[in-house]
Amino acid sequence: EGIEVMALYGPGDGTAGGGSPPAPFRGLDEPASVTVRLPRPMHVAQMGTGRRIGLTQGFTTGVRPWWATMFAVSERKLQPPILQPADGVARRGGNFEILLTIPDAQGLHAVKVRVEDPDGRAAPWFDRGVIVENGEARLIVPIAYNERAGSWRLTATDLYTDEAASIRFEIR
């Protein structure tokens, strides 16, 4: 039930477990074409690339030696995340609360949350991974008393589909 993650591996050097790349590593990273057949039509997205294959019972892709190519496979359409702040203003010394939903979600979804300061620079002290269960998670973002005032951006990216949602919020 839910989303299945499928890993495809390209050809190795013929040793058990695929081995490791021989040295020198010249011309050995050529992708091989693979056709995947599914038991029934399913929604497919290639993880880490943002590539949506869509509803299909089969597809062809390239796989590279010594690298996994990952796919999210689901009976339901994979929806992008939605962010709904409880309030558009975050107060210093308080918490900023956001409802993160993934419509029609099945199972658990891993979501990467990143924040940018008013100048557009990464604010890694706010970054986190969030597990969305039953299509919903509440984000609590603690705001320091000395945090810089201004308009900040929070982005949530679904790790299955690489689809993202962003909101701007004010710190006062």
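None of the values given here were measured: they were computed from a predicted structure.

Remarks on the overall build of the chain
Secondary structure assignment for the chain yields 0 helices and 12 strands. Its helices and strands in sequence order give the chain the pattern β-β-β-β-β-β-β-β-β-β-β-β, from N to C terminus. Going through the 172 residues of the chain one by one, you find that 37% of them count as buried. A fraction of 63% describes how many contacts in the chain between residues 6 or more apart in sequence connect residues 24 or more apart. As displayed, the chain has an accessible area near 9,600 Å², and 49% of this comes from carbon and sulfur atoms.

Let's talk about the environment of Thr101
Along the chain, Thr101 turns up in strand E7 (residues 95–101). For Thr101, a relative accessible area of 15% corresponds to the buried category. Residues Thr101 and Gln79, spaced 22 residues apart in sequence, show a C-alpha to C-alpha distance of 9.7 Å. Look past the residues within four positions of Thr101 in its chain and what remains in contact with it is Pro80, Pro81, Ile82, Gln84, Gly135 and Glu136.

Some words on the sheet that holds strand E4 (residues 68–74)
Judged by pairing direction, the sheet is antiparallel, and its 4 strands sit side by side in the order E1-E4-E2-E3 without closing on themselves. Looking at strand neighbours, the two that pair on one side only are strand E1 (4–9) and strand E3 (51–63), the edges of this open sheet. The mean angle between the axes of side-by-side strands here comes to 20°, regardless of whether they run parallel or antiparallel. Where strand E2 (residues 32–46) lies against E3, 11 bridges are found, and the strand directions are antiparallel. Across the sheet, the residue bridging to Gln46 is Arg51, located in E3.

Criteria and cut-off values
- Residues numbered from 1 in each chain as written.
- Predicted model: local features only at pLDDT ≥ 70, side-chain atom pairs only at ≥ 80, totals over all residues.
- Heavy atoms only, no water.
- Helix = DSSP H or I, 4+ residues; strand = E, 2+ residues; numbered from the N terminus.
- Buried < 20%, exposed > 50% of the residue type's maximum accessible area, 1.4 Å probe, protein only.
- Contact = heavy atoms within 4.5 Å.
- Areas by Shrake-Rupley, 256 points an atom, 1.4 Å probe, with all protein chains shown as cover.
- Pairing = 2+ DSSP bridges.
- Axes fitted to C-alpha atoms, helices over the stretch in contact; angles between N-to-C directions.

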